[in-house]
Amino acid sequence: MSPLRILLQTTIPTTADDWSIARFSLLHNYLSSLQDEAGNPLCEVTSRDREANENGDDPVLSTLDTSDFDELWLFAVDVGDGISEKDCEGISDFRRRGGGMVVTRDHMDLGCSACALAGVGDAHYFHTKNPDPDPLRHCIDDPYTTHISYPNYHSGRNGDCQHITIVEPTHDLLKNPAATTGIIQFLPAHPHEGAVGAPVNNPYARAIATGTSLITGRTFNLAIAFEREQAAQGNLLGRAVAESTFHHFCDYNWDARLDCPSFVDEPPGDTMQTEPQALPDLKAYLRNLALWLAPPKS
């Protein structure tokens, strides 16, 4: 069987002092290391930052539907201008032809260009775009980083793990046969996660895990899973996941001893290293994602 072709992509140009794709190297290396039972590589991984041609479009994202990629893991780290209209069409058509997608963002309006993506964009709630339909959630959760407004759920320090709550029934993405519990209990934490929710008009989407604010005790969605569904044209849409923050995936949140952009000033933690089940759970989740998002073989 041919390896899954996975594209890891940010929505900003390569910028040394920002969340460029180089800060997701542990993810790249882990996915590249996965093997099937025969020892063959499971994934062929390409990592890149956004580039813009003369029309302001990314040459890969804008033509993603005609590429041979199986999956897009998109890290929306922009401030609202990271996906052009043509990029959006390419990404949306990629899912329409069966491609799998992970779409992540962060607090407030960081990554709000993801709103424009068909279907999956509806699951991302921001401060000024597509706000959470529950007005009671239009309030600050993390009081420490004062220049960041809601949504900004405080699940823990960068470098710490958070104990997640599984939404029943347990989704395949959250199973870990190697764990004594059989389920994933931990994911990386972040001081100000964004907000995601299942679109009310989509019966194929549901929350699969929640986190808990260490400040307010409020629960919030960590991941929304979209099952395959039949489009109006008769084809099956690819599976997708909307994630509350890209910090679940980047190097610094796996190990805060690694480098981070200079604007990060919150004190780091270390329980991703000291909790024995944290990294195994994270790796199980990532392997599950890669396999679950894969288009069905014809």
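See the structure shown above.
What you see is a predicted model; the values in this text were computed from it and never measured. (Residues numbered from 1 in each chain as written. Predicted model: local features only at pLDDT ≥ 70, side-chain atom pairs only at ≥ 80, totals over all residues. Heavy atoms only, no water.)

J.: Just checking my understanding: could you explain the sheet that holds strand S4 (residues 100-104) for this structure?
T.: In sheet architecture, strand pairing relies on hydrogen bonds along the backbone and comes in two forms, parallel and antiparallel. Pairing is mixed in the open sheet, where eight strands are placed in the order S2-S1-S3-S4-S12-S11-S10-S7. On the outer flanks of this sheet lie strand S2 (43-48) and strand S7 (165-166), each paired with one strand and no other. Relative to S2, strand S1 (residues 4-10) runs parallel, the two sharing six bridges. Directly across from Leu8, in S2, lies its bridge partner Ser47. Helix H1 (residues 25-33) contacts S1, S2 and strand S3 (71-75) of the sheet and is inclined by roughly 160° relative to S2. (Pairing = 2+ DSSP bridges. Helix = DSSP H or I, 4+ residues; strand = E, 2+ residues; numbered from the N terminus. Contact = heavy atoms within 4.5 Å. Axes fitted to C-alpha atoms, helices over the stretch in contact; angles between N-to-C directions.)

J.: Which parts of the structure should I look at to understand the pairing of S3?
T.: It is a general feature of regular strands that their side chains alternate between the two faces of the sheet. Counted residue by residue, S3 has five buried out of five residues, so it is predominantly covered. Side-chain alternation along S3 places Glu71, Trp73 and Phe75 on one buried face and Leu72 and Leu74 on a second face that is also buried. The pairing of S1 with S3 spans five bridges and is classified as parallel. The residue bridging Leu8 from the neighbouring strand is Trp73, located in S3. In this sheet, S4 lies alongside S3 in parallel orientation, the contact comprising five bridges. By the bridge assignment, Leu74 is partnered in S4 with Val103. One crossover worth recording links S3 to the parallel S4 by way of helix H2 (residues 85-96), and it is right-handed. (Buried < 20%, exposed > 50% of the residue type's maximum accessible area, 1.4 Å probe, protein only. Right-handed = clockwise from strand over helix to strand, strands pointing away.)

J.: What's the story with the side chain of Asp132 in this structure? I'm lost.
T.: Within the fold, Asp132 resides in the loop between strand S5 (124-125) and strand S6 (161-163). Here the side chain of Asp132 touches Asp134 through a polar contact of 2.8 Å, landing on its backbone nitrogen. (Polar contact = N/O pair within 3.5 Å; in protein donor to acceptor, adjacent residues only side chain to side chain.)

J.: How do you make sense of the environment of Glu89 when you look at a structure like this?
T.: The topology assignment puts Glu89 in helix H2. Using a relative accessible area of 38% as the deciding quantity, one classes Glu89 as partly exposed. Through-space distance from the C-alpha of Glu89 to that of Leu61 is 8.6 Å; in sequence the pair is 28 residues apart.

J.: Please clarify how H2 should be interpreted in this entry.
T.: An ideal rise of 1.5 Å per residue puts 16 Å on 12 residues; H2 measures up with 16 Å between its terminal C-alpha atoms. Among all positions in H2, only Asp87, Cys88, Gly90, Ile91, Ser92, Phe94 and Arg95 are buried. Here the buried face of H2 lies against S3, S4, strand S11 (219-226) and strand S12 (240-243). Of the residues trailing H2, Gly98 is marked for its positive phi of about 110°. (Expected span 1.5 Å × (residues − 1).)

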